[in-house]
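What follows is the residue order along each chain.
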Amino acid sequence: MLSDGHVADRTMATDEGPGGADVDAVVVLDFGSQYSRLITRRVRDFNVYSELLPFDTPWSEIAARKPKAVILSGGPASVYEEGSPHPDPALWSGGVPILGICYGLHLMAEALGGEVVPFERKEFGPALVSVIAQDGLFAGLEPEQSVWMSHGDSIERLPEGFRPVARTDSTPYAAVADPTRGMYGIQFHPEVVHTRHGREILRNFIVDIAGARQNWTPANFIASNVEDIRHRVEEH
């Protein structure tokens, strides 16, 4: 059960991908954001299969799906609060590219040795991001980006190995990256339409950084599941 009361969007997985289809998958972990399902839909818009799972899904279950990447959603909690949702610690050493969005970024920073603190003023609404490194997440994009912020905490100190790749007037760490470990984080929401180039940022991560193939469609997903069910019936 997800934090919003919905049942997780789970699909039986095999070595070949969801429903036995030869497609790549991206796992989205839900930390309570109102946009978690929207992230999943955005990934599928690129013809890449995406699955929404509860934040505490064991790494063994995630790894069994052989995801090309994992995305950590935002959420209303603060990482330093007692009882706040955290993923299986094995996630960080799983060797799969990770993108943390807002709260997901804070989780990554805290878990890997950085510091997250309460923001002097909560930030909710449009903001202008200045891109420091026009590669990786921001490859092919303009140096100034209009984005949508929604957070009450901020990174005070980055973990070792990370570097800032975008900033705003209020935070030097609007986006960060550790390409060596395949870990990326953004303080804003790329999944909402208010972030002008959010789609391109997500695509850069999913397709170019994680290397996911764009060969999934709802039609072939349904067809592969029908075939899987037929085989199971015939076996019995």
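None of the values given here were measured: they were computed from a predicted structure. Counting starts from 1 at the beginning of each chain's written sequence and moves along it residue by residue. Predicted model: local features are reported for residues with pLDDT of at least 70 only, side-chain atom pairs are reported and counted for 80 or more only, and whole-chain, interface and lining totals are derived from all residues. With hydrogens and water stripped out, all remaining heavy atoms of the structure feed into the side-chain values.

Topic: the nonpolar core
Among buried residues, those of type Ala, Val, Leu, Ile, Met, Phe, Trp, Tyr and Cys that are joined through side-chain atoms within 4.5 Å constitute a nonpolar core. Per-residue accessibility, obtained with a 1.4 Å probe over protein chains only, is compared with the maximum for each type, and a residue is labelled buried under 20%, exposed over 50%, and partly exposed between these values. Ile 71, Leu 99, Phe 138 and Ile 206 are the most contacted members of the largest nonpolar core, which totals 36 residues. In this structure Leu 99 touches Val 70, Ile 71, Leu 72, Met 108, Leu 137, Tyr 184, Gly 185, Ile 186, Leu 202 and Phe 205, once residues within four positions along its chain are discounted. Core analysis: the second largest hydrophobic core is formed by 25 residues, Val 27, Val 116, Leu 158 and Tyr 173 among them. In what follows, residue pairs with any heavy atoms lying within 4.5 Å of each other are defined as contacts.

Re helix H4 (residues 198-209)
For H4, which comprises 12 residues, the first-to-last C-alpha distance of 15 Å matches the rise-based estimate of 16 Å (1.5 Å per residue) to within 8%. The numbering of helices and of strands both runs from the N terminus, where a helix is a DSSP run of H or I of at least 4 residues and a strand a run of E of at least 2. Among all positions in H4, only Gly 198, Ile 201, Leu 202, Asn 204, Phe 205, Ile 206 and Val 207 are buried. In this fold, the buried residues of H4 make contact with strand E3 (25-30), helix H1 (36-45), strand E5 (69-72), strand E6 (98-101) and strand E11 (183-186). Of the residues trailing H4, Gly 211 is marked for its positive phi of about 75°. The length a helix should cover is 1.5 Å for every residue beyond the first.

A word on the layout of surface pockets
Volume-wise, the largest pocket comes out at about 360 Å³. Here a cavity is any set of points on a 1 Å grid over the protein atoms alone where a 1.4 Å probe fits but cannot get out, and a pocket is any open set with protein on both sides within 12 Å along at least 5 of 7 lines; a residue lines the site when it has an atom within 4 Å of a point. The wall of the largest pocket is formed by 20 residues, among which Gly 75, Pro 76, Ser 150, His 151 and Gly 152 lie closest to the centre. Only helix H3 (103-111), strand E7 (115-131) and strand E8 (144-157) provide two or more residues apiece to the lining of the largest pocket. In terms of residues, the lining of the largest pocket owes the most to one element, E8, which gives 4 residues. Grid points are joined across faces, edges and corners, and a volume is the space filled by probe spheres set on the points.

With respect to the environment of Ala 166
Inspection of the secondary structure assignment puts Ala 166 in strand E9 (residues 163-167). The buried category is assigned to Ala 166, whose relative accessible area is 0%. The spatial distance from the C-alpha of Ala 166 to the C-alpha of Pro 143 is 9.0 Å, given a sequence separation of 23 residues. Every residue in contact with Ala 166, bar those within four places of it in the chain, is listed here: Val 129, Ser 130, Val 131, Ile 132, Phe 138, Pro 172, Tyr 173, Ala 174 and Ala 175.

A word on the pattern of salt bridges
Any carboxyl oxygen of Asp or Glu that lies within 4 Å of a side-chain nitrogen of Lys or Arg is treated as forming a salt bridge with it. Counting across every chain of the model gives 7 salt bridges. Between Asp 24 and Arg 213 there is a salt bridge, and its shortest N-O distance comes to 3.1 Å. Here Asp 24, found in the loop between strand E2 (17-18) and E3, pairs with Arg 213, found in the loop between H4 and helix H5 (218-235); they are 189 residues apart in sequence, far enough to count as distant. The exposure class assigned to Asp 24 is buried, which follows from its relative accessible area of 12%. Given a relative accessible area of 36%, Arg 213 falls into the partly exposed group. One salt bridge in this structure joins Arg 65 and Glu 51, with 2.9 Å as the shortest N-O distance. Pair noted here: Arg 65 is in the loop between helix H2 (59-64) and E5 and Glu 51 is in strand E4 (residues 49-54), with a separation of 14 residues, a long-range link. The pair formed by Arg 65 and Glu 51 is uniform in burial state, with each residue classed as buried. Through salt bridges that share partners, Asp 22, Asp 24 and Arg 213 make up one connected network.

Observations concerning the packing of aromatic side chains
Geometrically, a pair of aromatic rings is defined through the distance of the ring centres and the angle of the planes. Only Phe, Tyr and Trp rings take part, Trp by its six-membered ring, and two of them pair if their centres are within 6.5 Å. Stacked means planes under 30 degrees apart, edge-to-face means over 60, and tilted covers everything else. All told, the structure shown has 4 aromatic pairs when counted by the stated rule. On the basis of an interplanar angle of 55° and a centroid distance of 5.8 Å, the ring pair of Phe 31 and Tyr 103 is categorised as tilted. Pair noted here: Phe 31 is in the loop between E3 and H1 and Tyr 103 is in helix H3, with a separation of 72 residues, a long-range link. Look at Tyr 103 and you get buried, because its relative accessible area is 2%. Three or more aromatic residues link up through ring pairs in this structure, and these residues are Phe 31, Phe 55 and Tyr 103.

Structural measurements only, silent on function.
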